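Residues per chain are reported as follows:
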Amino acid sequence: MERASSPSYVMTDLNPFNAQTSVTSASSLQFHCFPPSPVRSNSNDFLRIRASKTSSQVEILKGPKQHETKLHFSSKKRRFAEEDAFPMSFPLHSKNPHAIYKDIQRLATQGKLKEALAILDYMDKQGIPVNVTTFSALIFACVKSKSLTEGRQVHVHIRINGLDDNEFLCTKLVHMYTSCGSIEDAKRVFENHPCKSVYTWNALLRGAVVLGHRQYRQVISTFSEMRGLGVELNVYSFSCLIKSFAGSSAFSQGLKAHALLLKNGLLNSSILQTSLIDMYFKCGKIRLACAMFDEIMERDIVAWGAMIAGFAHNRLQLEALEYARMMREEGIKPNSVILTTILPVIGEVRARTLGREIHAYVIKMKSYSKQLFIQSALIDMYCKCGDMVSGRKVFYGSQERNSVSWTALISGYISNQRLQQAMKGVVWMQQEGFKPDIVTVATVLPVCAELKALKQGKEIHGFAMKNGFLPNVSLITCLMVMYSKCGILEYSCKLFKNMKDRNVISWTAMIDSYIENGFLGEALNVFRSMQLSKHRPDSVAMARILSVCGKLSVLKLGKEIHGQVIRKKFEAIPFVSAEVIKMYGNCGAIGVAKLAFDGIPIKGSMTRTAILEAYGYNKCYQEAIDLFHHMRSGGFTPNHHTFNVLLSICEQAGLGDEACRTFELLTQRYRIKASEEHYSTIIRLLTNLHRFDEAERFAQMRSLS
């Protein structure tokens with residue numbers, strides 16, 4: 001349950017950059033005030049830890065001293081005993097090998113790899129062979145838990161049992177090593193295997209796809225080698241190839257693969273058809289994906305799921321919902337994968353009624369209602385729809401919870417501007433026994449930035465370092481933003497300087513950090529360094545630097561950036577074109593600003609508001625007001641920011657009557673709730689004009705609102 005008491009944030013050293021940083025012994029953020037020590041204060045017991053080379057034992061012994069921990073390191077190597085292998089079952093002599101195999105497989109299924117390996121060690125000492133099925137179960141457990149160390153131990157036992165030439169196990173080992181991130185070990189196993197079939201090749205291909213990181217050339221190289229050696233390619237070979245192109249957005253290579261499938265007569269495979277749909281969507285080719293889908297005669301749930309996920313990936317939410325409806329009309333019921341795809345889409349379009357229908361379907365299908373990732377998706381959907389009550393009901397009504405569901409609730413608090421509860425959510429999460437993961441940390445760091453909670457932000461930084469979450473580009477970028485918003489620009493600079501793998505977002509975050517703290521010249525220097533690096537500025541970086549050029553009135557550089565915007569075809573993006581107009585307005589080139597505005601084919605509220613600001617910068621107050629009324633007559637619907645600009649222009653020009661008419665338009669005509677800034681501007685203007693009664697009336701309206 002949620003606790004009302006204020007949390008106590010505990011940390012011994014709040015400087016995460018200090019080489020002598022000392023973090024509390026607990027592996028989770030110590031937001032709670034009770035001690036993490038397992039020794040109770042009212043106990044007369046103390047811990048004695050006896051360690052040897054083969055095992056560690058912890059004994060609770062009675063003694064006169066309280067809270068004393070003694071470490072005794074034995075120099076003698078204790079013999080491996082039968083009870084170490086079978087601590088919870090019958091001894092070895094009472095079991096036949098097949099029963100032991102079942103024990104090992106059961107432990108592997110439960111994820112108890114250390115216990116399973118202990119039995120393997122004992123069987124090796126006794127000379128009892130292990131079968132292929134048992135090793136397969138152990139390898140699968142290593143893949144599931146990403147346990148590279150245990151996987152290597154299993155590989156040793158496979159060699160001891162003389163099964164290293166077994167094609168089935170060789171394929172499994174290649175898959176295991178690639179899944180655990182060790183492509184070198186996978187290649188070594190592959191190269192040492194005498195008979196390389198298509199299945200072994202496919203395992204190596206799949207590993208290159210998983211570890212490709214947008215580098216598809218290695219996959220093409222392996223695929224070309226397979227063709228050169230005359231390996232008979234199957235559906236899965238082509239599937240891996242197409243997936244690598246999808247992950248790298250390599251459209252031209254994807255087209256070649258499509259042609260190769262047509263040539264080889266493999267395009268009737270539903271697996272390859274779905275892979276092509278996925279590839280075209282990820283390359284942004286929506287029409288080609290739809291054309292591929294239309295060619296499928298018998299559409300299964302996987303093909304429908306690929307279409308729905310593709311539209312969602314390209315932020316075409318209405319199309320995703322339409323295809324979900326069409327799928328139901330064809331009599332195909334959504335599975336758990338489609339549910340977790342469609343629920344975030346419903347949240348983004350705030351279709352709460354449809355979301356409740358999906359929720360009812362989940363409850364009806366009892367197996368889905370117990371799945372944690374569906375519960376988390378429901379929480380996220382309700383929170384995005386602004387229905388925190390229903391989101392919390394789903395959360396507290398679920399029989400099980402994990403870090404993902406907690407993160408979904410915390411994210412919901414953030415999206416509904418309940419930032420203090422989001423911070424407390426991290427405390428409640430730990431009090432329930434769940435450790436925040438890297439996604440939780442990345443979710444809560446912007447809250448620290450918004451609240452300027454430097455102390456808690458440093459704690460989270462220390463927690464991320466202690467738990468091996470760093471270096472992670474996204475997390476470091478969040479930390480940079482948090483420190484800059486808290487006014488500690490030095491820490492942001494250190495993080496950026498020590499970052500090895502920068503991306504466009506981290507460069508932009510560094511530019512933002514300097515802008516946030518008023519160092520505009522340094523922001524320009526970072527932008528120049530970014531242009532010299534392998535990363536090219538995106539639309540967001542361009543918009544940021546255009547605002548800097550405007551504030552510094554650097555017209556020459558602003559024109560250069562405008563040229564880059566035109567070359568990269570960013571002028572169609574509303575916030576970029578708005579910054580171009582404001583930059584020229586700030587630099588006093590109102591004529592060029594008007595030309596830039598006239599050149600925009602589709603003018604939205606951002607660009608229309610920007611030209612009004614540009615007129616305001618150049619003291620063309622009446623022209624701005626006349627243009628606003630002209631735009632209104634043409635069908636323009638202003639937003640709250642447009643009215644901020646208009647009221648500011650009225651204040652600068654001393655136009656009290658026009659300000660009152662503008663405020664009436666805001667509240668009466670467009671039914672926009674007046675903000676604190678709206679009220680402050682008009683009250684300040686009327687006070688300066690000595691119209692105190694009217695100013696008092698607006699002050700009373702503000703207090704009532």
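So, how was this worked out
- Residues numbered from 1 in each chain as written.
- Predicted model: local features only at pLDDT ≥ 70, side-chain atom pairs only at ≥ 80, totals over all residues.
- Heavy atoms only, no water.
- Helix = DSSP H or I, 4+ residues; strand = E, 2+ residues; numbered from the N terminus.
- Buried < 20%, exposed > 50% of the residue type's maximum accessible area, 1.4 Å probe, protein only.
- Contact = heavy atoms within 4.5 Å.
- Polar contact = N/O pair within 3.5 Å; in protein donor to acceptor, adjacent residues only side chain to side chain.
- Phe/Tyr/Trp six-rings, centres within 6.5 Å; stacked < 30°, edge-to-face > 60°.
- Lys NZ or Arg CZ within 6 Å of the ring centre and 35° of its normal.
- Disulfide = S-S within 2.5 Å.
- Salt bridge = Lys/Arg side-chain N within 4 Å of Asp/Glu carboxyl O.
- pLDDT = per-residue confidence, 0-100.
- Axes fitted to C-alpha atoms, helices over the stretch in contact; angles between N-to-C directions.
- Parallel < 35°, antiparallel > 145°, perpendicular 65-115°, else oblique.
- Nonpolar A, V, L, I, M, F, W, Y, C, P; charged D, E, K, R; others polar.
- Left-handed = near helix turned anticlockwise from the far one by under 90°.

1. A short note on the environment of Asn402
Right, on to step 1. Here Asn402 shows up in the loop between α20 (388-397) and α21 (403-415).
Right, on to step 2. We classify Asn402 as partly exposed; its relative accessible area is 22%.
Right, on to step 3. Taking the C-alpha atoms as reference, Asn402 lies 9.4 Å from Phe373; in sequence the two are 29 residues apart.
Right, on to step 4. Ignoring any residue separated from it by four or fewer positions in sequence, one finds Asn402 in contact with Leu372 and Phe434.
Right, on to step 5. Here Val404 takes part through its backbone nitrogen, which lies 3.1 Å from a polar atom of the side chain of Asn402.

2. A closer look at the packing of aromatic side chains
Right, on to step 1. Scanning the model with the defined rule gives 17 aromatic pairs in all.
Right, on to step 2. Each ring, one from Phe281 and one from Phe311, has its centre 5.1 Å from the other, and the planes form 65°; the classification is edge-to-face. Highlighted residues: Phe281 in helix α12 (residues 270-282) and Phe311 in helix α14 (residues 301-313), separated in sequence by 30 residues. Each member of the pair Phe281 and Phe311 is classed as buried.
Right, on to step 3. Here Tyr483 and Tyr491 contribute two aromatic rings whose centre-to-centre distance is 5.0 Å and whose plane-to-plane angle is 90°, an arrangement assigned as edge-to-face.
Right, on to step 4. Using a relative accessible area of 9% as the deciding quantity, one classes Tyr491 as buried.
Right, on to step 5. What links up through ring pairs into an aromatic cluster is the set Phe281, Phe293, Trp304, Phe311 and Tyr323.
Right, on to step 6. Taking the ring centre of Phe251 as reference, the NZ or CZ of Lys285 above it sits at 4.8 Å.
Right, on to step 7. Above the plane of the ring of Phe597 lies Lys603, whose end atom (NZ or CZ) is 5.3 Å from the centre.

3. Digging into unusual backbone geometry
Right, on to step 1. Residue Leu470 is joined to Pro471 through a cis peptide bond whose omega torsion reads 5°.
Right, on to step 2. Mapped onto the secondary structure, Pro471 falls in the loop between α24 (454-466) and α25 (473-485).
Right, on to step 3. Its identity is not glycine, yet Arg350 carries a phi of approximately 55°, on the positive side.
Right, on to step 4. Within the fold, Arg350 resides in the loop between α16 (336-348) and α17 (352-364).
Right, on to step 5. Residue classification places Arg350 among the exposed residues on the basis of a relative accessible area of 53%.
Right, on to step 6. For Ser553, which is not glycine, the phi torsion reads 55° and is therefore positive.

4. Some thoughts on the environment of Ile379
Right, on to step 1. Tracing the chain through its elements places Ile379 in helix α19 (residues 372-384).
Right, on to step 2. Put simply, Ile379 and Lys393 are 14 residues apart on the chain and 8.6 Å apart in space, counted from C-alpha to C-alpha.
Right, on to step 3. Setting aside its immediate chain neighbours within four residues, Ile379 contacts Gly391, Val394, Phe395, Ser405, Ala408 and Leu409.

5. Describing the side chain of Thr681
Right, on to step 1. Take Thr681: it is sitting in helix α37 (residues 676-688).
Right, on to step 2. Note on Thr681: relative accessible area 8%, which makes it buried.

6. Remarks on the state of the cysteines
Right, on to step 1. This structure, assessed with the given rule, holds 0 disulfides.
Right, on to step 2. Sulfur of Cys587: no disulfide; nearest cysteine sulfur belongs to Cys549 and is 7.3 Å away.
Right, on to step 3. Overall, Cys587 belongs to the buried group, its relative accessible area being 19%.
Right, on to step 4. Free cysteine: Cys650, not disulfide-bonded; nearest cysteine sulfur from Cys660 at 9.1 Å.
Right, on to step 5. Here Cys650 falls in the buried class, since its relative accessible area comes to 1%.

7. A look at the side chain of Ser403
Right, on to step 1. Relative to the helices and strands, Ser403 resides in helix α21.
Right, on to step 2. At 3.5 Å, the side chain of Ser403 and the side chain of Asp437 are in polar contact.
Right, on to step 3. Setting aside its immediate chain neighbours within four residues, Ser403 contacts Met429, Phe434, Lys435, Asp437 and Thr440.

8. Observations concerning the pattern of salt bridges
Right, on to step 1. All told, the structure shown has 23 salt bridges when counted by the stated rule.
Right, on to step 2. Note that Glu330 and Arg299 form a salt bridge whose closest N and O atoms lie 3.8 Å from each other. Residue Glu330 is located in the loop between α15 (317-329) and α16, and its partner Arg299 is located in the loop between α13 (286-295) and α14; the two are separated by 31 residues in the primary sequence.
Right, on to step 3. Residue class for Arg299 comes out partly exposed when judged on its relative accessible area of 25%.
Right, on to step 4. Within this structure, Arg152, Asp185 and Arg188 form a network of salt bridges that share partners.

9. Quick word on the confidence of the model for the protein chain
Right, on to step 1. Per-residue confidence for the protein chain gives a mean pLDDT of 80, with 85% of residues at or over 70.
Right, on to step 2. A low-confidence stretch, residues 1-14 (pLDDT under 50), is modelled with 39 contacts involving residues beyond four sequence positions or located in other chains.
Right, on to step 3. Below pLDDT 50 for its whole length, residues 19-77 participates in 99 contacts with residues either more than four positions away or in separate chains.

10. Structural notes on the packing of α19 against α21
Right, on to step 1. Contact geometry of α19 with α21 gives a least axis separation of 9 Å together with a crossing angle of 5°. Viewed along their axes, α19 and α21 adopt a mutual orientation that is roughly parallel. Contacts between α19 and α21 pair Ser376, Ile379 and Cys383 from the former with Val404, Ser405, Ala408, Leu409, Gly412 and Ser415 from the latter.
Right, on to step 2. Looking at the contact of α19 with α21, its residues break down into 5 nonpolar, 4 polar and no charged.

11. Section: the environment of Leu120
Right, on to step 1. In this fold, Leu120 is placed in helix α3 (residues 113-126).
Right, on to step 2. The exposure class assigned to Leu120 is buried, which follows from its relative accessible area of 2%.
Right, on to step 3. The sequence separation of Leu120 and Tyr101 amounts to 19 residues, and the corresponding C-alpha distance is 9.6 Å.
Right, on to step 4. Contacts of Leu120, omitting those with residues within four sequence positions, involve Ile104, Val130, Phe135, Leu138 and His157.

12. Thoughts on the packing of helix α33 (residues 605-617) against helix α35 (residues 640-653)
Right, on to step 1. Contact pair α33 / α35: the axes reach a minimum separation of 10 Å and the direction vectors enclose 15°. Looking at the two axes, α33 sits roughly parallel to α35. For the crossing formed where α33 meets α35, the hand is left-handed. Between α33, through Thr609, Leu612, Glu613 and Gly616, and α35, the contact on the second element is made entirely by His641, Thr642, Val645, Leu646, Ile649 and Gln652.

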